[in-house]
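Residue-level listing of the chains:
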Amino acid sequence: MSKILGLDLGTNSIGWALIDDEAGEIINIGSRVFEAGLNEIGTAKEQSKNSSRREARQMRRQNRRWRQRRDFLKKVLIEEGMFPEDVKEQQKYLLMDPYRLRSRGISEELSIFEFGRILLHLNQRRGFRSNRLSGDEEEGKIYKGKDETTGITETELNIKSGGYKTLGEYLASLDTDQLRRRNRYTTRNMYVDEFEYLWENQAKFHNKKLHNEIQEKIFRIIFFQRKLKSQKDKIGYCSLETSKRRTPISSPVFQKFRILEQLSRIRITIPNTQRHDSCLSDDERVLVFNELNIKKELTFTRIRKLLKLPESAHINLEDNEKLIGNRTYQALSSLFDKKTWLEFSEDKKEHIWFTMHFSDDPNWLKDYANKKWGFKEENHNKLRKLSLEKGYARFSKKAIQRLIPHLENGLPIVNAIKEAGHKEDKNADSSVVELLGLPPELRNPIVRKGLYELRKLINAILEEHGRPDVIRIEMAREMKKPKKQRMKMRYDQLDMEKEHNKIRQTLKDELGIVHPSMEDIHKYRLWEECGRMCPYTGKKISLKALYGGEFEIEHILPYSRSLNNSLYNKTLCCRSENLIKGNQTPFEAYSGDKQRFDEIMLRVRKTGLKKKQSLFLMKDIPDDFIERQLNDTAYFSRETVKYLQPVSEKIQVVKGGTTALLRHYWGLNTVLGKGEIKNRDDHRHHAVDALVIANTSHKNVKTLSLYHKLGIKRETMKAQGERFAHPWDGFRNDAISAVNNIFVSHHLNKRVRGQLHEDTYYGQIRDNDGEDQFVVRKDLKNLTPKQVGNIVDPVVKETVLERIREYGENTDRKFTIPKEAFVIPLYMPESGDKRKRQIKSVRVIVPSTGLIQLYKDRKTYVEPG
């Protein structure tokens, strides 16, 4: 082994270090900083940098297509004498009330111009016919008023109960002072039915004009909608069969694969029996599989009953609470009666899934279900609400079919892959240095941006230094998670911060600890978790005794053997008992005394330690923990390893916990600052991390393990003038010299592009003194106290202030606006016409001097972009 490349991949940075471990030297080192692929990562506002541009482009396209459809319809109507050519006549034409015409048209004769006005209005209001697979259960624009049980909208119910023949007749009957005609849930079928009803009625009076040919032509113009573009090319390739696309998660073959893979990971331990950490027997596996294959999920309580396990038995996956079943079959079976579904062959069931998964037209699916499956109305209600799992699996259908027989025999997934004959692709000629091509098109913007920047860096390294023998990678947690998990991590961190602040205040009030350390906070959390008692001895722990020295934090699995320093591997223990337990697992230390061990496990199960009982029952620690420290299978890790495969045959993804310890013991935390806290304000710290990653070898991890196994502490080594072994002599001096010579590389956006101006349009008015002022319209519910004072209309301003005063706010000085102030509609004071005018938005003066006029002929102003 000679040249090793260490990479520290973050959401907006890459640290890199190239070393020669045989010669003991740093070849080159650096940091690359770039903009992240997302804005506000981990928050509810997280979005792709391109999303706002994409949404604006989508609106422009929709508006353009709407105008094209309108202009084409106008052209046809003019040709048929249904729309005036004269501009002045057109103005009068458009002033006709289309709702009244739509109501009259169902029962009386309209002029050909009036009917043309109706067609123009239907074209404008036709709504959107959703794709069945787009996630919307109904067609049309979505507003409140849809019953989730029946799928019938409030508008449909009103039409039926009022005896109205069409949607237009119902809308025309509404008192617009009380109810709005717009902003209600309507479906495309309502407009289609009205079009056909009106055409049939008016054709009686204008049979020469309104013939079938022109009806079909106009119907197509108004209601035609292009299909959504296929997204098949966005589906990733299988990681085993690289020429095949991944199979949908909802496919029956994956559902079966997922159940079998879960069952292959189950291990059962029954204390004081020969059964310890054993997998399911063939009979047990078939029993649980059959149950999971007909249910959405299965709890471990139910699994225990199925397998007739004693209460003391432990199942390793029990912390997950449940196993996932065949969600596809469970959903599809609800469309049929139980007996009919069970009689279907596997091919028939897969055909039903295939039809449901790929059909995007609800009307076609409804007709198909009537013809092929004999569906009735109650079946259609279930069909409309049915939803299958979204997304795609890691493997293709072909790969999964090759794996299933081995999983049915109980083999774990890793062994099944080997038995199925799948092998990783190796670079044919490792001596030829080929530059990396473009990375694959991935849907995750963080990963995609990271891979593009990684490509630039790797190609530069290949051109200057050639191919590395080994690549070691560590990456930020955010890069491995999808959006929902990143948001959950962020919210969990905020909740944890609140909890820590409460603990700090408690320690300050109760014990007088003014500045509690993180260890003090962790001690308090573990105290609450273990029920305020030592799990090994059962001794009660008071808050005073907790910090008195008698009790300490201990690793359930010895740290020297597991290198697991997380809170999940920690609990409280009497200091004297911790010395007795020593470097053993709880099972090794106490299982010889059955009564004592049962008492410990009873305390574990009755407290918050229940989620950690698998650690207490672990018989021994696997010898391959070093391998696990040097490998990770997260999504971005897999994609990065796959992408870098042509560069080096040996790629390892290391975990952050180990590298953090090595950085500490090698004294690299102080390279960029004083003290042991890493200086994150200096971009060069990414390069320091990469240097540690490059040196995170099997040898150094084994040394770290031995170091802790012997119980050597850093303070002891300092006192004796010793230190943790460095990768080579003079390593720290070499690191300081290399880091001091780093010139941080920043990604520059060389293209001059962006918004010419901000989105908001401002108007211009003149005040009483003749001075120009800029105004903007603000929604009443979004007003700030400062904006209330800048309302243009004095009557509106006083009305708003009066409403705020009703909620007890003194508006003569600084005030706040209660959230509930404008929940009840606000109206202008009564005027001579006695018509209520609701205040929904107000014009507010904007104190700005930098606005520019957008059009020469209009007083529309914008902020420069």
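What counts and how
Residues numbered from 1 in each chain as written. Predicted model: local features only at pLDDT ≥ 70, side-chain atom pairs only at ≥ 80, totals over all residues. Heavy atoms only, no water. Core = buried A, V, L, I, M, F, W, Y, C linked by side-chain atoms within 4.5 Å. Buried < 20%, exposed > 50% of the residue type's maximum accessible area, 1.4 Å probe, protein only. Helix = DSSP H or I, 4+ residues; strand = E, 2+ residues; numbered from the N terminus. Salt bridge = Lys/Arg side-chain N within 4 Å of Asp/Glu carboxyl O. Expected span 1.5 Å × (residues − 1). Pairing = 2+ DSSP bridges. Contact = heavy atoms within 4.5 Å. Axes fitted to C-alpha atoms, helices over the stretch in contact; angles between N-to-C directions. Polar contact = N/O pair within 3.5 Å; in protein donor to acceptor, adjacent residues only side chain to side chain. Phe/Tyr/Trp six-rings, centres within 6.5 Å; stacked < 30°, edge-to-face > 60°. Parallel < 35°, antiparallel > 145°, perpendicular 65-115°, else oblique. Left-handed = near helix turned anticlockwise from the far one by under 90°. Disulfide = S-S within 2.5 Å.

Trainee: Account for the nonpolar core, with residues named and values stated.
Mentor: Counting residues in each nonpolar core, the largest one holds 37 residues, and the members touching the most others are Phe257, Leu263, Ile266, Ile268, Leu323, Phe395 and Leu403. At the level of secondary structure, the elements contributing two or more residues to this core comprise helix 9 (252–265), helix 10 (282–292), helix 11 (300–307), helix 17 (397–408) and helix 18 (413–419). For this core, the leading source of residues is helix 9, giving six residues. Counting residues in each nonpolar core, the second largest holds 34 residues, with Leu101, Ile112, Leu171 and Leu210 among its members.

Trainee: Explain the pattern of salt bridges to me, and be specific about the residues and the numbers.
Mentor: Charged atoms that come close allow side chains of opposite charge to pair. Counted according to the given criterion, the structure contains 32 salt bridges. The partner of Arg104 in a salt bridge is Glu108, and the shortest N-O contact between them spans 3.1 Å. Note that Glu241 and Arg402 form a salt bridge whose closest N and O atoms lie 3.0 Å from each other. Taken as a pair, Glu241 in the loop between helix 8 (212–223) and helix 9 and Arg402 in helix 17 lie far apart in primary sequence, 161 residues in all. Residue classification places Arg402 among the partly exposed residues on the basis of a relative accessible area of 35%. Overlapping salt bridges, with partners in common, bring together Arg32, Lys449, Glu453 and Lys456 in one network.

Trainee: Summarise unusual backbone geometry; cite the residues concerned and give the values.
Mentor: Residues other than glycine seldom take positive phi values, yet Asn272 does so here, at roughly 60°. By secondary structure assignment, the location of Asn272 is in the loop between strand 6 (268–269) and helix 10.

Trainee: Provide a residue-level description of helix 19 (residues 445–465), including the pertinent values.
Mentor: Across its 21 residues, helix 19 extends 30 Å between first and last C-alpha, which sits within 8% of the 30 Å expected from 1.5 Å per residue. Just beyond helix 19, the residue with positive phi is Gly466, at close to 80°.

Trainee: Go over the sheet that holds strand 1 (residues 3–9) with me, naming the residues and quoting the values.
Mentor: The six strands are arranged 13-10-1-2-3-14 in an open sheet whose pairing can be described as mixed. The sheet is open, and its two borders are formed by strand 13 (650–653) and strand 14 (745–746), each paired with just one other strand. Direction of pairing for strand 2 (residues 13–20) relative to strand 3 (residues 25–33): antiparallel, over a ladder of eight bridges. Along strand 3, the bridge assignment pairs Leu18 with Asn28. Against the sheet, helix 31 (residues 685–694) touches strand 1, strand 2, strand 3 and strand 10 (470–475), its axis set at about 45° to strand 2.

Trainee: Lay out the side chain of Thr799 in plain terms, naming residues and giving numbers.
Mentor: By secondary structure assignment, the location of Thr799 is in helix 36 (residues 794–806). Within the structure, Thr799 has its side chain in polar contact with the backbone oxygen of Val795 (distance 2.7 Å). In this view, Thr799 contacts Leu826, Tyr827, Pro829 and Ile839; residues no more than four positions away in its chain are not counted.

Trainee: Residues and numbers for the packing of aromatic side chains, please.
Mentor: Enumeration over the complete set of coordinates arrives at 29 aromatic pairs. With a centroid separation of 5.9 Å and an interplanar angle of 40°, the aromatic rings of Phe254 and Phe257 are classed as tilted. You can see Phe254 and its partner Phe257 sitting in helix 9, three residues apart, about one turn around the helix. The class of Phe257 is buried, set by a relative accessible area of 6%.

Trainee: Tell me about the packing of helix 9 against helix 10, and name the residues and values.
Mentor: Packing of helix 9 against helix 10 leaves a shortest axis separation of 10 Å and a crossing angle of 140°. Classified by the angle their axes make, helix 9 and helix 10 are oblique. As for the relative orientation of helix 9 and helix 10, their crossing is right-handed in sense. Between helix 9 and helix 10, the residues in contact are Lys256, Ile259, Leu260 and Leu263 and Arg285, Val288, Phe289 and Leu292, respectively.

Trainee: Which residues make up the sheet that holds strand 16 (residues 772–779), and what are the values?
Mentor: If you walk across this open sheet you meet the three strands as 15-16-19, and the pairing is antiparallel. Edge positions in the sheet fall to strand 15 (763–766) and strand 19 (841–846), since each has one partner strand and no second. The sheet shows a mean angle of 45° between the axes of neighbouring strands, direction not considered. With four bridges joining them, strand 15 and strand 16 adopt antiparallel strand pairing. If you follow Ile765 over to strand 16, its bridge partner there is Gln773.

Trainee: How would you sum up the state of the cysteines? Please name residues and give values.
Mentor: Overall, the coordinates contain zero disulfides when judged by the stated rule. With no disulfide of its own, Cys573 lies closest to Cys534 among cysteine sulfurs, the gap being 4.4 Å.

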